Amino acid sequence: MLIRVKNLSKVYKNNNDEVYALKNINLEINSGEIFGIIGLSGAGKSTLIRCLNRLEEPTEGKISIDDIEITNLNKKDLRNIRSEIGMIFQHFNLLSSKNVYENIAFPLELEGKNKKEINERVETLLKYVDLEDKKLSYPSHLSGGQKQRVAIARALANNPKLLLSDEGTSALDPKTTKSILQLLNKIRKEFGLTIVLITHQMEVIKDICDRVAIIEDGEIIELDTVGKVFANPKTKTASEFVSNLKTNIEEEIKYEKKPGSKLVKLSFLGEISKKPIVSNMIKNFDIDVNILSGNINELMTTSIGNLTIEILGKDEEINRAIQWLTKENIRLEVI
Ligand SMILES: Nc1ncnc2c1ncn2[C@@H]1O[C@H](COP(=O)(O)OP(=O)(O)OP(=O)(O)O)[C@@H](O)[C@H]1O
């Protein structure tokens, strides 16, 4: 589903208080894309994702989904389009009095499907999310990861074209988070679904998203492919999110810099990481290089390498080498 958001604003009014939760948001999300929205607490993420299915009413602006302007729809048409949008939540929102089978069957019952259709669909979904052995269990007897699998199966029951995830992995441990993200990616690939997710974890963006919007105080302050934001974050907030990912910073700090040397942190995006940059640098300039730390972050569509090196030599030679690195389009930071 192609989503277009134009000049979207949301103001919450409580008595005499006004909160500007979203300020003039513009974005397009492509069909089949996994689009991440990241921001700190209170930035406006939930408000934004909830406006996409009108769980929250926008104050101003337009939202269209596959060229249908949802901001204008009457209740009946809104219900129809909502049946094509699935949603999962941080705390799963399962019905505690219904077992796994009944939770997944619930949206199908609301759609008026007959028992046979419901049974076939629920069995298929149980298999898909790998929970066939839990079909008679109640939510209170499931782990967080299992609960989210049930919620995903329920969200997929009516074959939606768009899946919204409101912090869908925030309550899960890192290993379970990975497995849920893998499941979401499998769903996107196999069903061609568009997925929009909000999160405050850069790890989630790194692992699964094609593009990311960074939201702060109700505004989008950065929007690009995940690779570009990782390799070259433009705002302070984006830099902080990126650097919060595990790096070998501690080792760098422990390392004692020798007099006359420079510590340089290099970031390589995609193809460039395959070039023998360091050995070319040593050949071209009268310098020595010590590699202090390195890591590679695998993103959805590319990879980013980070390398921290110590360059030893005469000042002017080191500076020439640094200039050369910049010309090779390598992002670098002298520490
Ligand atoms: N129903 C409401 N009434 C009044 N203010 C609200 C309401 N819902 C959200 N807000 C305010 O709108 C702003 C954005 O909130 P929102 O929940 O969208 O942020 P968020 O980025 O999802 O935060 P979190 O990560 O903590 O959930 C905040 O200042 C919040 O206090």
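Cut-offs applied
Residues numbered from 1 in each chain as written. Predicted model: local features only at pLDDT ≥ 70, side-chain atom pairs only at ≥ 80, totals over all residues. Heavy atoms only, no water. UniProt positions renumbered as here; feature names shortened; annotations may be inferred. Helix = DSSP H or I, 4+ residues; strand = E, 2+ residues; numbered from the N terminus. Buried < 20%, exposed > 50% of the residue type's maximum accessible area, 1.4 Å probe, protein only. Pairing = 2+ DSSP bridges. Expected span 1.5 Å × (residues − 1). Arc of directions from axis to C-beta. Contact = heavy atoms within 4.5 Å. Polar contact = N/O pair within 3.5 Å; in protein donor to acceptor, adjacent residues only side chain to side chain.

Novice: Would you mind going over the UniProt feature "domain: ABC transporter" (unreviewed entry) in the protein chain in detail, with residue names and values included?
Specialist: UniProt tags residues 3-242 as "domain: ABC transporter" (unreviewed entry). This span, residues 3-242, is 38% helix and 28% strand, and a straight line between its end C-alpha atoms measures 26 Å.

Novice: Tell me about the pairing of strand β9 (residues 211-216), and please be specific about residues and values.
Specialist: Most of β9 sits inside the fold, with 5 of its 6 residues counted as buried. The pairing of strand β3 (residues 34-38) with β9 spans 4 bridges and is parallel. Bridge pairing in β9 links phenylalanine 35 to arginine 211. Relative to strand β10 (residues 219-225), β9 runs antiparallel, the two sharing 6 bridges. Note on β10: the bridge partner recorded for glutamate 216 is glutamate 219. Connecting β9 to the next strand, β10, in antiparallel fashion are 2 residues, including aspartate 217 with a positive phi near 45 degrees.

Novice: So, helix α4 (residues 115-128): which residues are in play, and what are the values?
Specialist: For α4, built from 14 residues, the straight-helix expectation of 20 Å at 1.5 Å per residue is met to within 8% by its first-to-last C-alpha distance of 20 Å. Of all the residues in α4, the buried ones are Ile118, Val122, Leu125, Leu126 and Tyr128. Around the axis of α4, the buried residues are gathered within 155 degrees of arc, so they sit on the same side. Residues of α4 that are exposed and point over 90 degrees away from its buried face: Lys116 and Lys127. Of the surrounding secondary structure, the elements contacted by the buried residues of α4 are α3 (100-110), α5 (144-156) and α6 (174-191). Between the side-chain oxygen of the N-cap and the backbone nitrogen of lysine 116 there are 3.1 Å, and the N-cap of α4 in question is asparagine 114. Where α4 ends, the next residue or the one after it, aspartate 130, has phi of about 65 degrees, a positive value.

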